[in-house]
Amino acid sequence: MLDECELIAALKLGNVQAFSLLFNTYYRDLVLFGGTYLPQQVACEDIVQSVFLKLWNERATLSIGTSLKSYLLRAVQNACMDELRHRSIVCEHKSQVLSDFRPDDLADTGNRVLYSELQRHLRRALKQMPEAHREAFVLNRFKGLKYREIAGRLHISERMVEVRIGKAIGFLRKYLREFLVVAGWIIFRCGLW
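Here is a short report on the structure shown in this document. In this text, all values refer to a predicted model and were calculated from it rather than measured experimentally.

Cut-offs applied
- Each chain has its residues counted from 1, running along the sequence as written.
- Whole-chain, interface and lining totals are the exception, using all residues; otherwise, since this is a predicted model, local features are given only for residues with pLDDT of at least 70 and side-chain atom pairs are given and counted only at 80 or more.
- Only hydrogens and water are set aside; all other atoms, that is, all heavy atoms of the structure, feed into the side-chain values.
- Any two cysteine sulfur atoms within 2.5 Å of one another count as a disulfide.
- Here's how the labels work: a residue is buried when its accessible area is under 20% of the maximum for its type, exposed when over 50%, partly exposed in between, all with a 1.4 Å probe on protein chains only.
- Throughout this description, the term nonpolar core refers to a set of buried Ala, Val, Leu, Ile, Met, Phe, Trp, Tyr and Cys residues connected via side-chain atoms within 4.5 Å.
- By definition, any uninterrupted DSSP run of H or I lasting at least four residues is a helix, any uninterrupted run of E lasting at least two residues is a strand, and each is numbered from the N terminus.
- Only protein atoms enter the 1 Å grid used here. Points where a 1.4 Å probe fits but cannot escape make up a cavity, open sets with protein on both sides within 12 Å along at least five of seven lines make up a pocket, and a residue lines them when an atom lies within 4 Å of a point.
- Grid points are joined across faces, edges and corners, and a volume is the space filled by probe spheres set on the points.
- Following the grouping adopted for this structure description, the nonpolar residues are Ala, Val, Leu, Ile, Met, Phe, Trp, Tyr, Cys and Pro, the charged ones are Asp, Glu, Lys and Arg, and the polar ones are all others, Gly among them.
- Two axes define the bend at a residue: one fitted to the seven residues ending there, one fitted to the seven starting there, and the bend is the angle between them.
- By the criterion applied in these results, polar contacts are pairs of N or O atoms within 3.5 Å in which, for protein atoms, one can donate a hydrogen and the other can accept it, and in which residues neighboring in sequence qualify only through two side-chain atoms.
- Only the stretch in contact is used when fitting a helix axis, every axis being a line fitted to C-alpha atoms; angles between N-to-C directions are given from 0 to 180 degrees.
- For classification purposes, angles smaller than 35 degrees are called roughly parallel, those larger than 145 roughly antiparallel, those between 65 and 115 roughly perpendicular, and all remaining angles oblique.
- Two helices that cross are described as forming a left-handed crossing if the nearer one is turned anticlockwise from the farther one by less than a right angle, and a right-handed crossing if clockwise.
- In what follows, a contact means two residues having at least one pair of non-hydrogen atoms within 4.5 Å.
- Any carboxyl oxygen of Asp or Glu within 4 Å of a side-chain nitrogen of Lys or Arg constitutes a salt bridge here.

Quick notes on the state of the cysteines
Phase 1: What the rule picks out here adds up to zero disulfides.
Phase 2: Cysteine 44 supplies the cysteine sulfur nearest to cysteine 80, a cysteine that is in no disulfide, at a spacing of 5.4 Å.
Phase 3: Given the relative accessible area of 0%, cysteine 80 is considered buried.

What follows is the structure in structure tokens.
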């Protein structure tokens, strides 16, 4: 077997066998490493495949200052952190859209039906949510209380309020995911928005 320097040199020359050997050597460990950041195996596999694709596409200009394994681990870590930031932004956006959405903004029956369905799904989700998470979420999103005010009312720390609301949003995101995808498709196809 070639050592790491020889593998990198062969990779730079476009040697498919060298790339295949690197892929087979590191793929599994990199997916497991990605799992320390993201719980979804499919997301980790996608990230690792993207890292290897980038490695192959940029092979001619590849400059590795450390070991190849360290380079790949750092690339996977960075990609996982980017994915987590992206998910956070998407979650904030969805939460903002839900909190800004008002029935009096609706123009027609189709939108009213979708809004009614959303409210029904939201009520169902809130009932299934752990009590502590629901209470903090409702006080913040529906009653408009700030974290400090909620912490005082519930006799817990502001950090605990933040954690509970974060978990509530995560729960809602999972619970409402299918409905939001279907509703989004209906809105797009029917031009309801």
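A closer look at the nonpolar core
Phase 1: Among the nonpolar cores identified, the biggest contains 26 residues, and Phe52 and Leu72 are the most heavily contacted of them.
Phase 2: Contributions of two or more residues to this core are made by α1 (4-12), α2 (16-34), α3 (41-57) and α4 (68-100).
Phase 3: Residues Leu122, Met129, Leu139 and Ile165 belong to the second largest nonpolar core, which totals 18 residues.

Focus on the layout of surface pockets
Phase 1: Quantified by volume, the largest pocket comes out at close to 630 Å³.
Phase 2: Taken together, 21 residues form the lining of the largest pocket, with Arg87, Ser88, Cys91, Gly170 and Arg173 sitting closest to its centre.
Phase 3: Those elements that provide at least two residues to the lining of the largest pocket are α4 and α8 (158-190).
Phase 4: Among the residues forming the lining of the largest pocket, the class breakdown is eight nonpolar, five polar and eight charged.

Comments concerning α2
Phase 1: At tyrosine 26, α2 is bent by approximately 40 degrees, the largest bend along its length.
Phase 2: Those residues of α2 that fall on the buried side of the exposure criterion are Ala18, Phe19, Leu22, Tyr26, Tyr27, Leu30, Val31 and Gly34.
Phase 3: Two to three positions downstream of the cap, the backbone nitrogen of glutamine 17 sits 2.8 Å from a side-chain oxygen, assigning the N-cap of α2 to asparagine 15.

Let's talk about the packing of helix α6 (residues 131-142) against helix α7 (residues 147-154)
Phase 1: For the pair α6 and α7, interaxial distance at closest approach is 10 Å and the crossing angle is 135 degrees. Viewed along their axes, α6 and α7 adopt a mutual orientation that is oblique. Here α6 and α7 pass one another in a crossing that is right-handed. Across from Glu135, Ala136, Leu139 and Asn140 in α6, the residues of α7 making contact are Tyr147, Ile150, Arg153 and Leu154.
Phase 2: Of the residues that constitute the contact of α6 with α7, the class distribution is five nonpolar, one polar and two charged.

Here's the deal with the packing of α1 against α2
Phase 1: Between α1 and α2, the least distance of the axes is 8 Å, while the angle of their chain directions is 130 degrees. Judged on the interaxial angle alone, α2 and α1 are oblique. For the pair formed by α1 and α2, the contact residues are Glu4, Leu7, Ala10 and Leu11 on the first element and Ala18, Phe19, Leu21, Leu22 and Tyr26 on the second.
Phase 2: Its residues placed into classes, the contact of α1 with α2 shows eight nonpolar, no polar and one charged.

Description of the side chain of histidine 133
Phase 1: Tracing the chain through its elements places histidine 133 in helix α6.
Phase 2: Here histidine 133 falls in the buried class, since its relative accessible area comes to 18%.
Phase 3: Not counting chain neighbours up to four residues away, the residues in contact with histidine 133 comprise Arg164, Lys167 and Ala168.

Brief notes about unusual backbone geometry
Phase 1: Positive phi, close to 60 degrees, is recorded for histidine 155, a residue that is not glycine.
Phase 2: Mapping histidine 155 onto the fold places it in the loop between α7 and α8.
Phase 3: Judged by relative accessible area, which is 70%, histidine 155 ranks as exposed.

Considering the pattern of salt bridges
Phase 1: If you walk through the whole model with that rule in mind, you get four salt bridges.
Phase 2: The partner of glutamate 131 in a salt bridge is arginine 134, with the nearest N and O atoms 2.9 Å apart. Here glutamate 131 and its partner arginine 134 are both found in helix α6, three residues apart, which amounts to about one turn of the helix.
Phase 3: The class for glutamate 131 is exposed, based on a relative accessible area of 53%.

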